[in-house]
Structures are given as C-alpha cells and as structure tokens.
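# Understanding the architecture of this molecule
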Amino acid sequence: MIIKRYIVDNMNEAMIKIRYELGSDAVIVSQRKIKQKGPLGLFKPRKLEVTAAVDDRSKKNKELEEHNKLFQNEILELKTMLQSVITPNIPSKYEYGKGKKTGKSKFKLKLIENDIPEEIAEVIFSRIREKNRDKKLTVSHYEKEFKNILNEMIKINNNFSNRVQVLVGPTGVGKTTTIAKLASLYTLYKNKQVGLITIDTYRIGAVEQLKTYSEILGIPFDVVISARDLSKAINRMSDCDVILVDTTGRNSKNAMQVSEIRSFINEINPDTVHLVLSMTTKQKDLKRIIEDYKVTNYNSLILTKVDETNSYGSILASIYYSDMPVSYISTGQNVPDDIEEADLNRLSKLIIGAEN
Ligand SMILES: Nc1nc2c(ncn2[C@@H]2O[C@H](COP(=O)(O)OP(=O)(O)OP(=O)(O)O)[C@@H](O)[C@H]2O)c(=O)[nH]1
Ligand SMILES: [Mg+2]
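Below: a short report on this structure. (Residues numbered from 1 in each chain as written. Chains lettered and ligands numbered in written order. Predicted model: local features only at pLDDT ≥ 70, side-chain atom pairs only at ≥ 80, totals over all residues. Heavy atoms only, no water.)

## Brief notes about the site of ligand 1
Residues in contact with ligand 1 amount to 18 residues; listed here are only the nearest, Lys 175, Thr 177, Asp 307, Glu 308 and Ser 330. Within the contact set of ligand 1, a nitrogen atom lies 2.8 Å away from a side-chain nitrogen or oxygen of Glu 308. In this structure, Gln 333 approaches ligand 1 through a side-chain N or O atom, which is 2.9 Å from an oxygen atom. Look at ligand 1: alone it shows 650 Å² of surface, and the protein chains cover 84% of it. Comparing atom positions with the cavity grids shows ligand 1 to sit within the largest pocket. (Near = heavy atom within 4 Å. Polar contact = N/O pair within 3.5 Å; in protein donor to acceptor, adjacent residues only side chain to side chain. Areas by Shrake-Rupley, 256 points an atom, 1.4 Å probe, with all protein chains shown as cover. 1 Å grid on protein atoms, 1.4 Å probe; cavity = no way out; pocket = protein on both sides within 12 Å on 5 of 7 lines; lining within 4 Å. Sits in = over half its atoms within 2 Å of the grid points.)

Okay, here's the thing in structure tokens:
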C-alpha cells in the first residue's frame, strides 16, 4: 500500500496531484484544514491536508499489463516482417490490400479476361502444375505452357474436298450463309463442281436464299422434303465433286426435331457433318447444344460470328466440349469473303487473346 500526504490550497488541486502521482485507483483516506507554519502562519489562510492511498499491487499489475501489451504488439510486428522476408509469395497482412500479383494469379486473370470457362481453366492449371512440379512459374511460363496445351487440344479438319457435306445446328447461327460462302469458295477458287441441296422448307425465304446463290454461281440446286428424296437428289448430282446440304435450324432442346435431322443424315451417310456454332452463344448453352446434337453424329465444327465477339473463350469451349476438329471459321456476313479455313495458329492466337 502506498500512502501519501498532500498540502494544498483546495480539494481540486489535491485531486489533480493524486491522479497524476498515484493513478485513478487512489482513494482519499483523510482531509483536514491546517495552519501554515512559521511566525506569520497564524495570519495566512489555512491550507488543506489530504491523505491518499493506493494499493501498489493494482498499480504494478496495470503497468505489467501495459508492458505486456506493448511486448505482444512488438512480437506481432516482428512476426509479420519475418513472414514477408521468408515467404515473399504469401502476401503479408500489409500486402493483402495491395493485391500482390503472382505469375499464377496474373495468368488466371488473363484466362478470366479471355472468357475461358472455369471448368476448362482448372484442367489447364492442373496440366501445367503436373508438368512443372515445385517450379516457380512466371506469367510468361504459364502462357507458353498454355500455348502447348492448345496445340494439343485444337484439331483441324482439312478434308475440304469431302464430297457430301451436311451443315446442322441451332437456328440463326449462319448455316445457310456459310453454305453460300462455301459454294462460292469451291466453285470460284477451288474449281470444283458444286451441287446445293436444302431440306429447309420450314423457314420462309430459306429456299429462295440458296436458289439465288445457285443461279449466280450457275450450279445445280435441289429442294427435298423427305429422307428418301434426299438420297435421290444426291444420286442426280453424280457429276458434282462437292455436294453441300443445308438443314433447318433446330432448337437443340427439342430432341424430336434434332432426331428428324438425324433421319435425313442416316439416309445418305455423308462424309462430313459440320455442327455450326455461333461464338456469340453463352458457353453454358454451347455445352448443351454440343451434347444434344451428338445424335446427328457430327464430326466437324464450323465456328461462326467470330467477328461479333472479342473474348474467344467460346472457341476453346466448343473445341473442348465437343472434342471435334474445326473446319472453318466465319468472320462476318459478306458472301463469299468472310470465311476462313481453320488454322491451328490462328485459332490458338484468338483464344490466347493475341489476335482479333
Ligand atoms: N456477324 C456475323 N453474322 C453472320 C455470320 N454468319 C451469318 N451471319 C448472319 O446471321 C444471320 C442468320 O444467318 P443464316 O445463314 O440465315 O442462319 P441459319 O443458321 O441458316 O438460320 P436458320 O436457317 O434460321 O436456322 C444472318 O443475318 C447472317 O447474315 C458471321 O460469321 N458473322
Ligand atoms: Mg438457314
């Protein structure tokens, strides 16, 4: 216990001194008025004597507590500093806010920017990890590995001279426009004798559209409404090197309509069935369409409306989900110019985001 006596003019002064010296836990034990000492003390105003006491253990405990707190803070700061020195890749508490970028996170951001589906991104990451166990990779390492993976994933169908080719796919993806482009390409640039057939009598204007092109190019054109008719029409075009067959766009969710297309295909057993996919389609829908159209036994892809998007994740999604080779990409509405034969380098550059 600490006991202290104060001689002051008033209680206020006493309280200030006691708080300052003994702390807020001190208690006033006694107070009394006293005469000042000396010969003139009698004539001077009286002073106040205040006795205060404090339990020194509580004071010491408090000091100890404060000391411990300071010590703990210092240890925490040291720990944080050590952590950032030993493991610079793990963002310290100060770096979280700044969002420190590693090679992996930069590459991941690129995949997101390029609209690569998460499911496919995971496959890419695990392949890169497997090949580079315990290695610290920069973003350019990741990009190089990604390019190698794409070179394995992307397959090209360059059997451009296959004789009977059917185009199938959802409504409005560009089947008829692509047939017109292909007919021009084969006739004008590849010097092939081309025949056109449509089984699309469903959509108003569909027949007229192709009839006009066939007249411009001076090539035979036929409209069929049954599978047997289709077979006969192909027989009639025996002198054609290439026969292109247009089909009605079908909502892939309607299984009956898709199997109706299959019955036409089964009748003629074509060399190539191109599934036409628009790159503006949502990736979730692309995955479903690719699945639903499997009944048509497509063995090739034509990717359209590449010009209408800047994120080419849907190209990779189409290739990955279907596991089919790409034959052509369509890059606009102009017949016959806006079509390209598929090329591995071009497709991989589009997916990586190095080309528009
Ligand atoms: N921007 C762009 N538009 C395209 C492309 N290909 C086709 N189109 C347009 O897409 C629209 C539909 O094209 P169609 O060829 O009629 O599509 P389809 O698949 O035959 O349609 P359905 O017969 O109704 O199933 C038209 O306006 C075309 O000009 C392309 O590569 N890029
Ligand atoms: Mg059409």
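## Examining the nonpolar core
Counting 59 residues, the largest nonpolar core has Ile 124, Phe 146, Ile 197, Leu 230, Leu 277, Ile 315 and Leu 316 as the members making the most contacts within it. The residues that make up this core include at least three from each of domain 2 (103–153) and domain 3 (164–352). Not counting chain neighbours up to four residues away, the residues in contact with Phe 146 comprise Phe 107, Leu 111, Ile 116, Ile 124, Ile 128, Leu 316, Ile 351 and Ile 352. One finds Val 173, Ile 219, Val 276 and Ile 302 within the second-largest nonpolar core, a separate group that totals 19 residues. (Core = buried A, V, L, I, M, F, W, Y, C linked by side-chain atoms within 4.5 Å. Buried < 20%, exposed > 50% of the residue type's maximum accessible area, 1.4 Å probe, protein only. Domains from an automatic or database assignment. Contact = heavy atoms within 4.5 Å.)

## So, helix α3 (residues 103–113)
Of all the positions in α3, only Gly 103, Phe 107 and Leu 111 are classed as buried. Seen end-on, α3 carries its buried residues on one side only, within an arc spanning 70 degrees. Among the exposed residues of α3, those pointing more than 90 degrees away from its buried face are Ile 112 and Glu 113. Of the surrounding secondary structure, the elements contacted by the buried residues of α3 are α4 (118–131) and α5 (139–153). Trailing α3 by a residue or two, Asp 115 shows a phi angle of about 65 degrees, which is positive. (Helix = DSSP H or I, 4+ residues; strand = E, 2+ residues; numbered from the N terminus. Arc of directions from axis to C-beta.)

## Concerning the pattern of salt bridges
By the definition in use, this model includes 18 salt bridges. One salt bridge in this structure joins Lys 131 and Glu 145, with 3.1 Å as the shortest N-O distance. Of this pair, Lys 131 sits in helix α4 while Glu 145 sits in helix α5, and the two are 14 residues apart along the sequence. Ionic pairing is found between Glu 260 and Arg 250, a salt bridge with its closest N-O pair at 3.8 Å. With Glu 260 in helix α9 (residues 255–268) and Arg 250 in the loop between β7 (242–246) and α9, this residue pair connects regions lying 10 residues apart in the sequence. When its relative accessible area of 39% is taken as the criterion, Glu 260 is described as partly exposed. (Salt bridge = Lys/Arg side-chain N within 4 Å of Asp/Glu carboxyl O.)

## Some remarks on empty space enclosed by the protein
Enumeration according to the criterion identifies one cavity of 30 Å³ or more in this entry. Space inside the largest cavity adds up to approximately 30 Å³. In terms of lining residues, the largest cavity is bounded by Asn 157, Asn 159, Phe 160, Gln 165, Tyr 186, Thr 272, His 274, Ser 327 and Tyr 328. Looking at the lining of the largest cavity, the elements that each hand over two or more residues are β8 (272–278) and β10 (326–330). Broken down by class, the residue content of the lining of the largest cavity amounts to three nonpolar, six polar and no charged. (Points joined across faces, edges and corners; volume = space filled by probe spheres on them. Nonpolar A, V, L, I, M, F, W, Y, C, P; charged D, E, K, R; others polar.)

## A look at unusual backbone geometry
Of note, the bond from Val 335 into Pro 336 is cis; its omega dihedral lies within 30 degrees of zero at 5 degrees. On the secondary structure map, Pro 336 appears in the loop between β10 and β11 (339–341). Positive phi is not limited to glycine here, since Asn 191 has a value of about 55 degrees. Residue position: Asn 191 is located in the loop between α6 (175–189) and β5 (194–198).

## Quick notes on the sheet that holds strand β2 (residues 27–34)
An order of β1-β3-β2 is seen for the three strands of this open sheet, with the pairing classed as antiparallel. In this open sheet, the two strands that pair with only one neighbour each are β1 (2–8) and β2. For this sheet the average axis-to-axis angle between neighbouring strands, irrespective of direction, equals 15 degrees. Across seven bridges, the pairing between β1 and strand β3 (residues 47–54) is antiparallel. Following the sheet pairing, Val 8 is matched in β3 by Leu 48. Contacts from helix α1 (residues 11–22) reach β1, β2 and β3, with the element oriented near 145 degrees to β1. (Pairing = 2+ DSSP bridges. Axes fitted to C-alpha atoms, helices over the stretch in contact; angles between N-to-C directions.)

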